[in-house]
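If you want the building blocks of each chain, they are given just below.
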Amino acid sequence: MNEIIRRLGWFFRRNRFDRDIEEEMRHHLALKAEEGGGAEAANRQFGNIALLKENSRAMWTFAFWEQFSQDVRYGLRSMAANKLFTAIAMLSLALGIGANTAIYSFMNAILLRSLPVQHPEELVILNWRSAGETPVVHGMDGNMYRNGNAGHASPNLPFAAYETLLQNKDLVSELFAYAGAHEMNLVARNQAEVSRGLYVSGNFFSGLGVNPAVGRLIAAEDDRPGGTPIAVVSYDYWQRRFAADPAAIGQTILINNIAFIVVGVTPTGFNGVDKGFEPMFYVPLHIQPIFSRNPVDEAKLRFFDKNFYWVEMMGRLRPGVGLTQAQTVFGDRFHRFVEGTATTPQEKAELPELWTQAGGGGLDSLSRQYSKPLYVLMSMVALILVIACANIANLLLARGAARRREIAIRLSLGASRARVIRQLLTESVLLSLSGGILGVMVAMWAIRLITWLLSDGRDEMVWRATLDWPVLGFTAGLAVLTGIIFGLAPAIEATGGPVAPALKEGKIAWRGSSRTRLSHVLLVTQIAISLLLVVAASLFVRTLTNLHSVDLGFNRENLLIFSLNAEQAGYKDAAVARFYESLGNRFRQIPGVRGASFSNCPLVAGCWGETELAIPGAPVTPGKKTSTSTLQVNESFLNTMQIPVLLGRGIDAHDIASPHGVVVTQLFAKKFFPGENPVGRHIRIGDPATDLEIIGVAKTTLYNSLREETPPLVYVPYTQNHQNLEGVFFELRTAGNPLAAVSEVRRIVHDAAPSIPIANVKTQATQIDQTIAQERTFADLCTCFAVLALIIACVGLYGTTAYSVARRTNEVGIRMALGARRASILWLMLRQVMAFAVAGLVIGLIAAWQSARLVASFLFGV
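Residues numbered from 1 in each chain as written. Predicted model: local features only at pLDDT ≥ 70, side-chain atom pairs only at ≥ 80, totals over all residues. Heavy atoms only, no water.

Assignment of secondary structure puts L638 in helix 20 (residues 637-641). Judged by relative accessible area, L638 falls into the buried class, the value being 7%. With 25 residues separating them along the chain, L638 and V663 place their C-alpha atoms 9.8 Å apart. Beyond its immediate stretch of four places on either side in the chain, L638 contacts I643, V645, G650, V663 and Y715. (Helix = DSSP H or I, 4+ residues; strand = E, 2+ residues; numbered from the N terminus. Buried < 20%, exposed > 50% of the residue type's maximum accessible area, 1.4 Å probe, protein only. Contact = heavy atoms within 4.5 Å.)

Now the structure itself:
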């Protein structure tokens, strides 16, 4: 302790110490001179004065920190003295580090950030997967996605499976269930809006370890059949709709026209367990059937049918229990359960299996969608940073050659090579940290830009990329690592080689071949990586161009779409149809509206549905089901969408009144009636089957998205099945800007039914563009990255060429004095540059060819 105090005391009195040691050194030199030989002999006998001073300081101080502070001060002075070099280097690094920080912030928000709950590392998610079809799944309300070429996977399970797995108390302290409540009509304080909620089991909040901000949360006694309709609202909704008033507890809200009592508010920052789904409210799981037309049948389906998959599950592992053990025990119990639900040999042959995954980050719906794109973008911005590092390393090599004499003097005065390298690395790290600080500001702008590109005007982008502490820590670490990477090789080169020749040389002291070779390698690397990024950008731009050139089959311009759900406001069956028809007639009276129609789903909006199809008289293959997609429409749908009818006629008012005629697409006719005229033929669709007559054939239009293969499609009158007409999308064809009619549309709907909110208001063109938002974002970002890479590479090429020309000035002068022409001198200099460019292009093309396969899944028509 006394030693530390002594050295700290020196740190605050170091100027006095330097004067004392200087005076002591002069005293010893004077004594040596008096002993004989004079001052010169005394200096030789005494030794290296600078080294002796350094050793004395090391005895009295914390040598490392003293030297470090000296290096920092010298580095700052060096940066200030070379303003142009510093500005170029900081700008290059700011762009590279800023881009990396922005992309990493999205990776952190989507892939890495833990749920704001107690001990998220203890959470586990239960899913199922299969290698092929899953005939044991008779029905599903949830999400299913591809697992390999033929398999499927899903987080949705039967409620009976939840009750079975709930018995494993030795594995989990809590096992809770939940299910999404999408597109619900929520009315609070006379304000109606379309919202999303979550059905949760009674131990949902206790299992997560979440405490209420106000009131209480849903408990086990609330989640039971016939329980009181209560709700917990989210913190954001409480602030927005109730102005954060504690008196909101006990108030009544309407969810799909059913009264619920607000009993609590979730804590701030808690937005459920799925980063892609932010609920506005939470209600007990067993309350779900009351929202259906037939609550008794719905309860039987949801809670007693072992082949209906709809709830999702998450558990909290007990201390000492790992995922492997949970997988084994849960998997065995689920296998026995699902085996008991299989009744046919085919069902028993293709049983799904349970698999567990860590639940600390929440559900993986967003990670499945964005993980691969984010890794691709992260690779691209990392290459941008590599180019910037190579560029700055090249500039530092040239600068090191110019400072060779300075470095040689330091080495000759006794400084070790490691000491000089450390000082040069300190300068590099200071430079990179300065670039990192600017990079944070670049990242703030880039995050807003990328969020805007990804959202494309949508409100459901619930996850938020921010510059939180983990992201800032990543930026700081990246800046330090970058400084070491681009500064190490130039520092080693600058301190290598003999000292004596460097002391005798002038402006450019040392012409080491190794420095030149390293500079050339860095230059070729920059060109190769730049070409790789340009090729990647061209692939994504070509993909976007191909998607925009796809024939839609209808006119997407001047078309407004929006959704309404009258059933959630209390309208039933035929009253729903009459309400929609009445609104359609009023919409047609809006000035500038040329046509109005509605359907149960808009075109090219990600909708997908299939129903069984039977064609009387057609051959039937045993065990093989035929299906088609359907779209419920009114009589003006085809005219409003400007879809031409090629054979027969379209749906008219007579078909609406007597719903037995349908219109099929060209693709349907070609697939099921090849070489025949299908008009007048009959088909049966649905279960139970309904006999329908084909009255017309319309041009094939895109149905699901620009990328998905278009299925056979049948346009069915909306009156054919009132029960499936819960919510509809209106399509309004206008003479000018479709958004100009929005205010009048809202007024008409409010006058007709104030409790019915309008949702999903957008133009058809915007709707289509949103289905390719990822492709548009890739094309825009990759183009920016490619341009940035080219700029940095051009700066590096120019700097290296300028240095090479300056180094050969004497040679050029001699050649011109001997009669060389200016053109030959230019070719002499450009020949080497072109050789580097060709080498970089060849390497870049090979790398691009190999890398193109990695992004093949993002491409379309390329």
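Having seen the structure, we can now continue with the description.
What follows covers the state of the cysteines. Across all of its chains, the model carries 1 disulfide by this definition. Disulfide partner of C601: C607, at an S-S distance of 1.6 Å. Residues C601 and C607 are joined through a disulfide that is right-handed, its torsion about the S-S bond being 95°. Judged by relative accessible area, which is 6%, C601 ranks as buried. C782 carries a free sulfur, and the closest cysteine sulfur to it, the one in C784, is 9.2 Å from it. You can call C782 buried: its relative accessible area is 0%. (Disulfide = S-S within 2.5 Å.)

Those residues of helix 10 (residues 295-304) lying buried are E298, R302 and F303. All buried residues of helix 10 fall inside an arc of 100° around its axis, so they share one side. Opposite the buried face of helix 10, by more than 90 degrees, sit the exposed residues V296, K300 and F304. Against helix 7 (159-165) and strand 12 (308-309) lie the buried residues of helix 10. (Arc of directions from axis to C-beta.)

Time to look at the side chain of S432. Among the secondary structure elements, S432 is positioned in helix 15 (residues 417-455). A distance of 2.8 Å separates a polar atom in the side chain of S432 from the backbone oxygen of V429. If sequence neighbours within four positions are ignored, S432 has contacts with L93, I97, A479, V480, T482, G483 and F486. (Polar contact = N/O pair within 3.5 Å; in protein donor to acceptor, adjacent residues only side chain to side chain.)

One pass over the structure, following the stated rule, counts 22 salt bridges. The shortest N-O distance in the salt bridge between D245 and R189 comes to 3.6 Å. Within this pair, whereas D245 is found in the loop between helix 9 (235-242) and strand 9 (252-255), its partner R189 is found in the loop between strand 5 (172-188) and strand 6 (191-200), the two being separated by 56 residues in sequence. Assessed through its relative accessible area of 39%, R189 is described here as partly exposed. Between R556 and E557 there is a salt bridge, with the nearest N and O atoms lying 3.3 Å from each other. Among the charged side chains, a salt-bridge network with shared partners connects D141, E298 and R302. (Salt bridge = Lys/Arg side-chain N within 4 Å of Asp/Glu carboxyl O.)

With that out of the way, let us pick up the packing of helix 6 (residues 83-112) against helix 15. For the pair helix 6 and helix 15, the least separation of the axes is 5 Å and the interaxial angle reads 45°. Our classification of the angle between helix 6 and helix 15 gives oblique. Seen along the crossing, helix 6 lies across helix 15 with a hand that is right-handed. (Axes fitted to C-alpha atoms, helices over the stretch in contact; angles between N-to-C directions. Parallel < 35°, antiparallel > 145°, perpendicular 65-115°, else oblique. Left-handed = near helix turned anticlockwise from the far one by under 90°.)

Our next topic: the pairing of strand 20 (residues 661-665). Here strand 20 lies mainly inside the structure; 5 of its 5 residues are buried. Side chains of strand 20 alternate between two faces, with G661, V663 and T665 and V662 and V664 buried alike. Bridge analysis of strand 20 against strand 22 (residues 690-698) gives 5 bridges, and the strand direction is parallel. The residue of strand 22 that forms the bridge with T665 is A698. Both strand 20 and strand 23 (residues 713-717) contribute to a ladder of 2 bridges, which runs antiparallel. Paired with V664 across the strands is V714, a residue of strand 23. (Pairing = 2+ DSSP bridges.)

Our focus in this paragraph is the packing of helix 19 (residues 574-587) against helix 23 (residues 742-752). In helix packing, the relevant descriptors are the interaxial angle and the interaxial distance, both defined with respect to the helix axes. Running from amino to carboxyl end, helix 19 crosses helix 23 at an angle of 140°, the nearest separation of the two axes being 11 Å. Between helix 19 and helix 23, the angle falls in the class oblique. For the element pair helix 19 and helix 23, the recorded crossing hand is right-handed. Packed against helix 19, whose contacting residues are F579, L583, R586 and F587, the element helix 23 presents V745, I748, V749, D751 and A752 at the interface. Taken together, the residues of the contact of helix 19 with helix 23 break down into 7 nonpolar, no polar and 2 charged. (Nonpolar A, V, L, I, M, F, W, Y, C, P; charged D, E, K, R; others polar.)

Before going further, it helps to spend a moment on unusual backbone geometry. Excluding glycine, residues mostly have negative phi values, and the peptide bonds linking residues are mostly trans. One non-glycine residue, E183, lies in positive phi territory at about 50°. Of note, E183 is situated in strand 5. Residue class for E183 comes out partly exposed when judged on its relative accessible area of 38%. Even without a glycine there, the phi angle at N256 is positive, about 50°. By secondary structure assignment, the location of N256 is in the loop between strand 9 and strand 10 (258-265). Classification of N256 as buried rests on a relative accessible area of 12%.

With respect to the element layout, A342 can be found in the loop between helix 11 (323-341) and helix 12 (345-349). Exposure remark for A342: the relative accessible area of 7% places this residue in the buried category. Sequence-wise, A342 and K306 are 36 residues apart; in three dimensions their C-alpha atoms are separated by 9.6 Å. For A342, the contacting residues outside a window of four places in its chain are V136, E347, K348 and L351.

Along helix 23, the positions that sit buried rather than exposed are V742, V745, I748 and V749. Viewed along the axis of helix 23, the buried residues span an arc of 125°, placing them on a single side of the element.

Ranked by size, the top nonpolar core spans 99 residues in total, and within it Y580, F587, Y715 and F730 carry the most contacts. Filtering out sequence-adjacent residues up to four positions away, F587 remains in contact with F562, V593, A596, F730, L732, V745, I748 and V749. (Core = buried A, V, L, I, M, F, W, Y, C linked by side-chain atoms within 4.5 Å.)

Once that is clear, we can look at the packing of aromatic side chains. All chains considered together, the criterion is met by 31 aromatic pairs. A centroid spacing of 6.0 Å and a plane angle of 70° characterise the contact between W128 and Y309, whose relative ring orientation is edge-to-face. Of this pair, W128 sits in strand 1 (residues 123-130) while Y309 sits in strand 12, and the two are 181 residues apart along the sequence. Residue class for W128 comes out buried when judged on its relative accessible area of 0%. We classify Y309 as buried; its relative accessible area is 0%. A centroid spacing of 5.6 Å and a plane angle of 15° characterise the contact between F562 and F730, whose relative ring orientation is stacked. In this pair, F562 is assigned in strand 15 (residues 559-564) and F730 in strand 24 (residues 728-734), connecting sequence segments 168 residues apart. For the pair F562 and F730, a shared accessibility class is recorded, and that class is buried. In this structure an aromatic cluster arises from ring pairing among F562, Y571, F579, Y580, F587, F598, Y718 and F730. (Phe/Tyr/Trp six-rings, centres within 6.5 Å; stacked < 30°, edge-to-face > 60°.)

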